[in-house]
Amino acid sequence: MTTAALRVEPGLPLIGNLLEFRRDRLGFQMRVADSGITRTRIAWRTVYIVTDHELAHEVLVEKDDAFIKGPGLSVVAKPLLGEGLLTAEKDFHRRSRKLLAPAFTPKRMAGYGAVMADRAVAHAAQVRPGAMIDIAERMMATTLDIVGRTLFDADLAGDARAVGDALTEAMEYVLAAVLSAVPLGWPTPRRKRGMAAIAQLDEIVLRIIAERRAAGGDRGDVLSTILAARDDDGTGFTDRHVRDEIMTLMLAGHETTANLLAWVWYALATEPAAQARLDAELAEVLGGRPPTYEDLPRLPVTLAILEEALRLYPPAHTIARQADRDVAIGGVPIAKGAIVTVSVAAMQRRAAYWDEPLAFRLERFLGGDRKARRVGYLPFGAGPRVCIGNHFALVEAQLILAAWAQRFHFRLAQPAPVALEPLMTLRPKGGVWVEPIAR
Ligand code: HEM
């Protein structure tokens, strides 16, 4: 194998590229993207930025066993996520992934699809034409509702509000801790609130698990499959492990999908041609009735809008790993302990992979060779840790997009462009303020 050309960005003495990284992390990744692999230094840490498709595959697929998760998520988010799938490593991860697989089969998805369609319509019905809304916030409420109901069915009815508020508080704490200079464990007011929120979530989720174990039976939700799952030796999940997986799915499942949809509404408000194609498809296939799970294969434009938004605005903008041993990527030696980040956002805007990369173009995902379109495209990651909720997210987003677009057009009520804010997920900075116009 030939060795990839490594770009080196040493930065300033001591702090390296810390300032530029803090000021504009995505801009930094995009500036170096054409190099494929770049070595930087963020304070004392060596950090590689990978934007080459083949090298990304080497990290995520071929040499996955040489890496563990980056410290941001695995250390800071531990009190919230425990040993859930997002943070679990090695054999424990492999076992959990196998045990969770039955929750995401096509048959289960059809059941979740019915819940998603129902909730998508119910949330759209709360929108009042003419009154400005932050559609990013509305998408967050809709996906939180859906994730709650598909994870633990009606059990959540009385607790939905408490879970929603506590999850938001806990996530804000985790996010602040990732970005903060204050050492972990310091009793700041935010940390105290975050820990209290996690304790409250624990109480509710562990109570639901106990009730469910006592009642038995399949309620069609994710929790039912988790409680029924058994290893080859007959063992299943402990209560603590069930709790960790539920927290992980709530966290991984709702904000990502909500942000994808926020970007979709922004893109549609600024791309009349895409909006017109969507209107035509919905009119032809649905003719005014609400969308169902069974309709989805006949809504390719709706899907292409999501896929193109995932390219330009990938919610999981960066996939981070830490080398667990010395390893070579593209022939470039990576020392144990170094951080390797696959910059999905920068890769997906590279001219090497996409014509006119900044243009929003549905044609990229309509017709033709689907496989060719996957080069330089990793919105759900790849390899053994590829997003387990990939199909779940697309079904959910397609149903919400169809149900809402059927009732409204959204006029952008703020100046474009909306800035990208790369927090845990890629958010539209300040939200996306729109005026709903009834159709
Ligand atoms: C548009 C929405 C979504 C995007 C863009 C997204 C993206 C990703 C990406 C890139 C990864 C890989 C992370 C890595 O390799 O470090 C991942 C992992 C994961 N996602 Fe998603 N995700 C989405 C929705 C969901 C949903 C709806 C669920 C659950 C219902 C979910 C659950 C998970 C879990 C549990 C993992 C960890 C998988 C593992 O390590 O084995 N995600 N997601």
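Residues numbered from 1 in each chain as written. Predicted model: local features only at pLDDT ≥ 70, side-chain atom pairs only at ≥ 80, totals over all residues. Heavy atoms only, no water.

Visitor: In this structure, what is going on with the overall build of the protein? I would like to understand it.
Guide: Secondary structure assignment for the protein yields 16 helices and 13 strands. Taken along its principal axes, the extent of the C-alpha atoms in the protein is 60 × 55 × 45 Å. By the burial criterion, 51% of the 439 residues in the protein qualify as buried. Of the contacts formed within the protein by residues at least 6 apart in sequence, a portion of 75% connects residues at least 24 apart. Taken as a whole, the protein presents about 18900 Å² of accessible surface, with 58% of it coming from carbon and sulfur. (Helix = DSSP H or I, 4+ residues; strand = E, 2+ residues; numbered from the N terminus. Buried < 20%, exposed > 50% of the residue type's maximum accessible area, 1.4 Å probe, protein only. Contact = heavy atoms within 4.5 Å. Areas by Shrake-Rupley, 256 points an atom, 1.4 Å probe, with all protein chains shown as cover.)

Visitor: Can you walk me through the coordination of the iron atom of the ligand in this structure?
Guide: By definition of the ideal shapes, four donors in a tetrahedron about a metal sit 109.5 degrees apart, and six donors in an octahedron sit 90 or 180 degrees apart. Looking at the protein side alone, the iron atom of the ligand has one donor only, C387 (SG), at 2.3 Å. Examined against the element boundaries, C387 turns out to sit in the loop between helix 15 (344-347) and helix 16 (390-407). (Donors = N, O, S within 2.8 Å, 3.2 Å for Na, K, Ca; no water.)

Visitor: Honestly, helix 3 (residues 53-62) in this entry has me stumped. Any pointers?
Guide: Residues spaced three or four apart along an α-helix face the same direction, because each turn holds 3.6 residues. The complete set of buried residues in helix 3 reads H53, L55, A56, E58, V59 and L60. The backbone nitrogen of E54 has a side-chain oxygen 2.9 Å away, supplied by the residue at the start of helix 3, namely D52. (Polar contact = N/O pair within 3.5 Å; in protein donor to acceptor, adjacent residues only side chain to side chain.)

Visitor: How do you make sense of the site of the ligand when you look at a structure like this?
Guide: With respect to spatial proximity, 24 residues lie near the ligand, and among them K69, H93, R97, R321 and C387 are the closest. R321 places a polar side-chain atom, nitrogen or oxygen, 2.7 Å from an oxygen atom of the ligand. Those elements giving two or more residues to the shell around the ligand turn out to be helix 6 (90-100), helix 12 (239-270), strand 6 (318-323) and helix 16. The biggest single contributor to the shell around the ligand is helix 12, with six residues. For the shell around the ligand, a count of residues per class yields 14 nonpolar, six polar and four charged. (Near = heavy atom within 4 Å. Nonpolar A, V, L, I, M, F, W, Y, C, P; charged D, E, K, R; others polar.)

Visitor: What am I meant to see in helix 13 (residues 272-286) here?
Guide: The end-to-end C-alpha distance of helix 13, which contains 15 residues, comes to 21 Å, matching closely the 21 Å that a straight helix rising 1.5 Å per residue would cover. Turning to helix 13, its buried residues are A274, Q275, L278, D279, E281, L282, V285 and L286. Looking at the buried residues of helix 13, the elements they touch are helix 12, helix 14 (300-312), helix 16 and strand 10 (408-412). Positive backbone phi, at 50 degrees, marks G287, one or two positions downstream of helix 13. (Expected span 1.5 Å × (residues − 1).)

Visitor: So what exactly am I meant to see when it comes to the nonpolar core here?
Guide: Side chains of nonpolar character tend, in soluble globular proteins, to be buried together. Membership of the largest hydrophobic core comes to 103 residues, with the highest contact counts inside it found for M250, W265, L401 and W404. Tallying contributions element by element places helix 12 first for this core, with 15 residues. In terms of nonpolar packing, the next biggest core, distinct from the first, is built from 22 residues, V50, A66, A323 and I334 among them. (Core = buried A, V, L, I, M, F, W, Y, C linked by side-chain atoms within 4.5 Å.)

Visitor: I would appreciate a short explanation of the pattern of salt bridges in the present structure.
Guide: Oppositely charged side chains may form a pair once their charged atoms are brought near each other. For the structure shown, the criterion picks out 34 salt bridges. The partner of D279 in a salt bridge is R439, with the nearest N and O atoms 3.6 Å apart. Taken together, the positions of D279 in helix 13 and R439 in the segment after strand 13 (433-438) put the pair 160 residues apart, joining distant regions of the chain. Exposure remark for R439: the relative accessible area of 47% places this residue in the partly exposed category. In this structure, R311 and E308 form a salt bridge, with 2.8 Å as the shortest nitrogen-oxygen distance. Taken together, the positions of R311 and E308, both in helix 14 and three residues apart, correspond to about one turn of that helix. It is possible to trace a salt-bridge network through shared partners that takes in R7, E9, E20 and R31. (Salt bridge = Lys/Arg side-chain N within 4 Å of Asp/Glu carboxyl O.)

Visitor: What's the story with the packing of helix 10 (residues 189-215) against helix 12 in this structure? I'm lost.
Guide: For any two helices packed against each other, one specifies the inter-axial angle together with the distance between the axes. Direction vectors running N to C along helix 10 and helix 12 enclose 120 degrees, while the axes themselves pass 10 Å from each other. Between helix 10 and helix 12, the angle is such that the two are oblique. The handedness of the crossing between helix 10 and helix 12 is right-handed. Each of I198, L201, D202, V205, L206, I209 and R213 in helix 10 lies in contact with helix 12, whose residues at this interface are D239, R240, V242, R243, I246, M247 and M250. Taken together, the residues of the contact of helix 10 with helix 12 sort by class into nine nonpolar, no polar and five charged. (Axes fitted to C-alpha atoms, helices over the stretch in contact; angles between N-to-C directions. Parallel < 35°, antiparallel > 145°, perpendicular 65-115°, else oblique. Left-handed = near helix turned anticlockwise from the far one by under 90°.)

Visitor: Even after reading the chapter, I still don't get the packing of aromatic side chains, so can you show me in this structure?
Guide: Each aromatic ring pair is characterised by the separation of its centres together with the angle its planes make. Summed over the entire model, instances satisfying the criterion amount to twelve aromatic pairs. Seen in terms of ring centroids, W263 and Y313 are 4.3 Å apart; in terms of plane orientation they differ by 5 degrees. Their pairing is stacked. Taken together, the residues W263 in helix 12 and Y313 in the loop between helix 14 and strand 6 connect sequence positions 50 residues apart. On the basis of an interplanar angle of 40 degrees and a centroid distance of 6.3 Å, the ring pair of W404 and F410 is categorised as tilted. An aromatic cluster is defined as three or more aromatic residues linked by ring pairs; in this entry it consists of W265, W404, F408 and F410. Between the NZ or CZ atom of R311 and the centre of the ring of W354, over which it lies, the distance is 5.2 Å. (Phe/Tyr/Trp six-rings, centres within 6.5 Å; stacked < 30°, edge-to-face > 60°. Lys NZ or Arg CZ within 6 Å of the ring centre and 35° of its normal.)

Visitor: How do you make sense of the environment of F237 when you look at a structure like this?
Guide: Relative to the helices and strands, F237 resides in the loop between helix 11 (222-228) and helix 12. Overall, F237 belongs to the buried group, its relative accessible area being 6%. Residues in contact with F237, not counting those within four places in the same chain, are S96, L99, L100, R213, I226, A229, V242 and E245.

Visitor: Which parts of the structure should I look at to understand unusual backbone geometry?
Guide: With an omega of 0 degrees, the peptide bond between A416 and P417 qualifies as cis. One can find P417 in the loop between strand 10 and strand 11 (420-422). Positive phi, normally seen in glycine, also occurs at L14, with a value near 65 degrees. With respect to the secondary-structure elements, L14 resides in the loop between strand 1 (6-9) and helix 1 (18-23). Since its relative accessible area comes to 76%, L14 is described here as exposed. The backbone phi angle of A43 is positive, close to 55 degrees, even though this residue is not glycine. Structurally, the position occupied by A43 is in the loop between strand 2 (37-42) and strand 3 (45-50).

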